[in-house]
Amino acid sequence: MRSETVTTILPASQQAVFEYLSDISKLPEWASEFARELKRDGEDYKVRNGLGEFYFEMRADSNTGVIDMFAGLTKDRMAVFPTRVVGLPDGRTAYSFTMFQDPDMPDELFEAQLQSLRREFQNIEQVLSA
């Protein structure tokens, strides 16, 4: 299984970065390609994008800075996207997001999703650098 991690350094406090990125309602603002639409489905959230509609869940822990994200066609088969918000000694904050390529995922699809994530990191940088 291949993995890729994208990291950025933001000129904002760890608390500000964590609060923004762990707020599921903000997802369409920064993950504008993955979450073109975010909607409630009973107790669950779903995102819609060019590949279809997916269940989506976040599990966030402000003590560790971990924001695990889960997405899948069904709630019992959700892929994990681990992310972490880390405060740096100079007051800036690092944000890292890891993607995994399942064995049955074509390389071209994984590369396209990785490039999409990199574009979405530009959205994060724009919002949290203001």
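Description of the structure in this document. (Residues numbered from 1 in each chain as written. Predicted model: local features only at pLDDT ≥ 70, side-chain atom pairs only at ≥ 80, totals over all residues. Heavy atoms only, no water.)

### Examining the overall build of the protein chain
For the protein chain, the count of helices and strands is three helices and seven strands. Secondary structure elements of the protein chain, listed N to C terminal, follow the sequence β-α-α-β-β-β-β-β-β-α. Here the C-alpha radius of gyration of the protein chain, 14 Å, is about what a compact globule of 130 residues would show, namely 14 Å. Along the first, second and third principal axes, the C-alpha set of the protein chain runs to 40 × 35 × 25 Å. Summarising the internal contacts of the protein chain: among those between residues at least 6 apart in sequence, 46% fall at separations of at least 24. Accessible surface, the protein chain: about 7,400 Å² in total, of which carbon and sulfur atoms supply 47%. The centroid of the 14 positive side-chain charges in the protein chain is displaced by 2 Å from the centroid of its 22 negative side-chain charges. (Helix = DSSP H or I, 4+ residues; strand = E, 2+ residues; numbered from the N terminus. Rg over C-alpha atoms; globule rule 2.2 N^0.38 Å. Contact = heavy atoms within 4.5 Å. Areas by Shrake-Rupley, 256 points an atom, 1.4 Å probe, with all protein chains shown as cover. Lys, Arg positive; Asp, Glu negative; His and termini not counted. Charge placed at Lys NZ, Arg CZ, Asp CG, Glu CD.)

### Regarding the packing of helix α1 (residues 14–21) against helix α3 (residues 107–128)
Viewed as axis vectors pointing N to C, α1 and α3 meet at an angle of 130°, and their least axial separation amounts to 11 Å. Viewed along their axes, α1 and α3 adopt a mutual orientation that is oblique. Crossing handedness for the pair α1 and α3: right-handed. Residues A16, V17, Y20 and L21 of α1 touch α3, and the partners they reach there are I124, V127 and L128. Per-class residue counts for the contact of α1 with α3 are seven nonpolar, no polar and no charged. (Axes fitted to C-alpha atoms, helices over the stretch in contact; angles between N-to-C directions. Parallel < 35°, antiparallel > 145°, perpendicular 65-115°, else oblique. Left-handed = near helix turned anticlockwise from the far one by under 90°. Nonpolar A, V, L, I, M, F, W, Y, C, P; charged D, E, K, R; others polar.)

### Looking at the packing of aromatic side chains
With the rule as written, the count across this model stands at three aromatic pairs. Taking the ring centre of Y45 as reference, the NZ or CZ of R40 above it sits at 4.4 Å. A cation over a ring is seen here: R59 above F70, with NZ or CZ 4.2 Å from the ring centre. (Phe/Tyr/Trp six-rings, centres within 6.5 Å; stacked < 30°, edge-to-face > 60°. Lys NZ or Arg CZ within 6 Å of the ring centre and 35° of its normal.)

### A short note on the pattern of salt bridges
In this structure the tally under the stated criterion is eleven salt bridges. Between E111 and R2 there is a salt bridge, and its shortest N-O distance comes to 2.5 Å. Here E111 is found in helix α3, whereas its partner R2 is found in strand β1 (residues 2–10), with 109 residues between them in sequence. The partly exposed category is assigned to E111, whose relative accessible area is 30%. The partner of E53 in a salt bridge is K39, with the nearest N and O atoms 3.0 Å apart. Linking E53 in strand β4 (residues 52–61) with K39 in strand β2 (residues 37–41), this pair joins segments that are 14 residues apart in sequence. Among the residues examined, K39 registers a relative accessible area of 32% and is labelled partly exposed. Connected through shared salt-bridge partners, E37, K39, D41, K46, R48 and E53 make up one network. (Salt bridge = Lys/Arg side-chain N within 4 Å of Asp/Glu carboxyl O. Buried < 20%, exposed > 50% of the residue type's maximum accessible area, 1.4 Å probe, protein only.)

The analysis is restricted to geometry; functional conclusions fall outside its scope.
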